[in-house]
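Each chain, letter by letter, is given below.
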Amino acid sequence: MSIIYVVVLTYIKPLEEVDAQIPAHVEWLKKGYAEGVFLASGRRIPRNGGVILAKCDSIESLEARLSQDPFQKLNIATAEILPFEATMKTQLLDAVF
């Protein structure tokens, strides 16, 4: 099985500052999807951050990618990386793992 990374973003600035950077953050996310690194992403509920599921060669390469996120560059959100090994999965995820 592959190592998957759950990236938990937590906003540390007001939502007005977050919202101002959403377009740039989305463009950064699109690049991660296009390169096959990001599997899913979305807002946390309540809206105090976001979550990204990623499949990456190493935690170091993921950290380097995260450092390019506008939210990180502008100190808008913290990013916690939780690696896990998927030992069970649905058949729907066969193409991912």
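Residues numbered from 1 in each chain as written. Predicted model: local features only at pLDDT ≥ 70, side-chain atom pairs only at ≥ 80, totals over all residues. Heavy atoms only, no water.

This part takes up the side chain of Asp69. Among the secondary structure elements, Asp69 is positioned in the loop between helix H2 (59-66) and helix H3 (70-73). With no salt bridge to any partner, buried Asp69 finds its closest opposite charge in Lys73, at an N-O distance of 9.0 Å. If we ignore the near neighbours within four places in the chain, the residues touching Asp69 are Leu9, His25 and Trp28. (Helix = DSSP H or I, 4+ residues; strand = E, 2+ residues; numbered from the N terminus. Buried < 20%, exposed > 50% of the residue type's maximum accessible area, 1.4 Å probe, protein only. Lys, Arg positive; Asp, Glu negative; His and termini not counted. Salt bridge = Lys/Arg side-chain N within 4 Å of Asp/Glu carboxyl O. Contact = heavy atoms within 4.5 Å.)

With that settled, the discussion passes to H2. Of all the residues in H2, the buried ones are Leu62, Arg65 and Leu66. The buried residues of H2 all sit within an arc of 95° when viewed along its axis, so they share a single face. (Arc of directions from axis to C-beta.)

For the rest of this paragraph, the subject is the pattern of salt bridges. Two side chains of opposite charge can pair, provided their charged atoms sit close to one another. Applying the stated criterion to the full structure yields three salt bridges. Lys30 is paired through a salt bridge with Glu27; the nearest N and O atoms lie 3.3 Å apart. Here the residue Lys30 and the residue Glu27 both occupy positions in helix H1 (residues 15-34), the gap between them amounting to three residues, near one helical turn. Taking the relative accessible area as the measure of exposure, Glu27 reaches 48% and is therefore partly exposed. The salt bridge partner of Arg65 is Glu35, with a shortest N-O separation of 2.7 Å. Here Glu35 lies in the loop between H1 and strand S2 (38-43) and Arg65 lies in helix H2, a separation of 30 residues in the sequence.

Looking now at the packing of aromatic side chains. Tallied over the entire structure, the rule returns three aromatic pairs. Relative to Phe38, the ring of Tyr33 lies with its centre 6.0 Å away and its plane at 80°, an arrangement referred to as edge-to-face. One aromatic cluster in this structure is built from Trp28, Tyr33 and Phe38. Sitting above the plane of the Phe38 ring, Arg65 keeps its charged end 5.9 Å from the centroid. (Phe/Tyr/Trp six-rings, centres within 6.5 Å; stacked < 30°, edge-to-face > 60°. Lys NZ or Arg CZ within 6 Å of the ring centre and 35° of its normal.)

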